[in-house]
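Okay, here's what each chain looks like letter by letter:
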Amino acid sequence: MSLSDDLYKEIILEHSQNPSHRGDVIDYTVMEDGVNRSCGDEVQIQLKIEDGIITEVGVKGHGCSISTASSSLMADAIEGMNISDAKDLIKKFKEMVMDDAEVEFPEELEDLSALAGVKKFPVRVKCATLSWNTLEQALKNLQN
Ligand code: ZN
């Protein structure tokens, strides 16, 4: 079952106007900054990681509605997830917006499909992937 375009628009609007997980994570384990120069979006992702689980996510920065909605949806999706599942999700999300792949998410992550439409607008793809690329870099830093 796929959600309707109207519902997708509503999800993006809701997350851009009232984004989740805004602010600092006290005693974060790792953080990373990301910039999308083509639009002017800036994001900072802070993660608290305990026993391989992302227990807390903090998002800062400012950007357009697509980048804000994407970072909010991402933060909701990855909090409570283990690192390897989060990495799989990054890959899957990027496939959805950058490739022609038909990507399906499990029910509890279905809201992420709301951003599938950006692939029709190449300029917006960078807005949608900014927070995911920043998360990917943060997880890489963790390994080093
Ligand atoms: Zn943008």
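I will try to describe carefully the structure that is included in this document. Since the structure is predicted, the reported quantities are computational estimates derived from the model, not experimental observations. (Residues numbered from 1 in each chain as written. Predicted model: local features only at pLDDT ≥ 70, side-chain atom pairs only at ≥ 80, totals over all residues. Heavy atoms only, no water.)

## As for the overall build of the chain
- Across its full length, the chain carries 4 helices and 3 strands.
- Starting at the N terminus and walking to the C terminus, you meet the elements of the chain as α-β-β-β-α-α-α.
- C-alpha extents for the chain along the principal axes are approximately 40 × 30 × 25 Å.
- For the chain, the proportion of its 144 residues judged to be buried stands at 44%.
- Considering only residue pairs separated by 6 or more positions, the chain has 57% of its internal contacts joining residues 24 or more positions apart.
- Side-chain charges in the chain split into 14 positive and 27 negative, and the spacing between the mean points of these groups amounts to 8 Å. (Helix = DSSP H or I, 4+ residues; strand = E, 2+ residues; numbered from the N terminus. Buried < 20%, exposed > 50% of the residue type's maximum accessible area, 1.4 Å probe, protein only. Contact = heavy atoms within 4.5 Å. Lys, Arg positive; Asp, Glu negative; His and termini not counted. Charge placed at Lys NZ, Arg CZ, Asp CG, Glu CD.)

## Side note on the coordination of the zinc ion
- The protein atoms that coordinate the zinc ion are Cys39 (SG), Asp41 (OD), Asp41 (OD), Cys64 (SG) and Cys127 (SG), at distances spanning 2.2 to 2.7 Å.
- Donor residues for the zinc ion sit on one chain with the sequence pattern C-x1-D-x22-C-x62-C. In this pair, Cys64 sits in the loop between β3 (53–62) and α2 (65–78) while Cys127 sits in helix α4 (residues 122–143), placing the two residues 63 residues apart along the sequence. Considered together, Cys64 and Cys127 belong to a single accessibility category, that of buried residues. (Donors = N, O, S within 2.8 Å, 3.2 Å for Na, K, Ca; no water.)

## Re unusual backbone geometry
- Located in the positive-phi region is His21, a residue other than glycine, with phi close to 60°.
- The topology assignment puts His21 in the loop between α1 (5–17) and β1 (30–36).
- Backbone geometry at Asp51 places phi at a positive 50°, although glycine is not the residue there.
- Within the secondary structure, Asp51 sits in the loop between β2 (41–50) and β3.
- Asp51 gets classed as exposed once you look at its relative accessible area, which sits at 82%.

## As for the layout of surface pockets
- If you add up the space inside the largest pocket, you get close to 410 Å³.
- In this structure, the largest pocket is lined by 15 residues; those nearest its centre are Ala114, Gly117, Val118, Lys120 and Phe121.
- Among the elements that line the lining of the largest pocket, the one with the most residues is α1, at 4 residues.
- In terms of residue class, the lining of the largest pocket is built from 8 nonpolar, 2 polar and 5 charged. (1 Å grid on protein atoms, 1.4 Å probe; cavity = no way out; pocket = protein on both sides within 12 Å on 5 of 7 lines; lining within 4 Å. Points joined across faces, edges and corners; volume = space filled by probe spheres on them. Nonpolar A, V, L, I, M, F, W, Y, C, P; charged D, E, K, R; others polar.)

## Some details on the packing of α2 against α4
- In contact at an axis separation of 8 Å, α2 and α4 are set at 35° when each is read in the N-to-C sense. Crossing hand, α2 versus α4: right-handed. On α4, the residues touching Ile66, Ser67, Ser70, Ser71, Met74 and Ile78 of α2 are Arg124, Cys127, Ala128, Ser131, Trp132 and Leu135. (Axes fitted to C-alpha atoms, helices over the stretch in contact; angles between N-to-C directions. Left-handed = near helix turned anticlockwise from the far one by under 90°.)

## Observations concerning α2
- The end-to-end C-alpha distance of α2, which contains 14 residues, comes to 20 Å, matching closely the 20 Å that a straight helix rising 1.5 Å per residue would cover.
- Across the 14 residues that make up α2, a large majority, 12, are buried.
- Among the residues of α2, those classed as buried are Ile66, Ser67, Thr68, Ala69, Ser70, Ser71, Ser72, Leu73, Met74, Ala75, Ala77 and Ile78.
- Structurally, α2 contributes buried residues whose contacts are with α1, β2, β3, α3 (83–98) and α4.
- Positive backbone phi, approximately 95°, marks Gly80, located one or two places after α2. (Expected span 1.5 Å × (residues − 1).)

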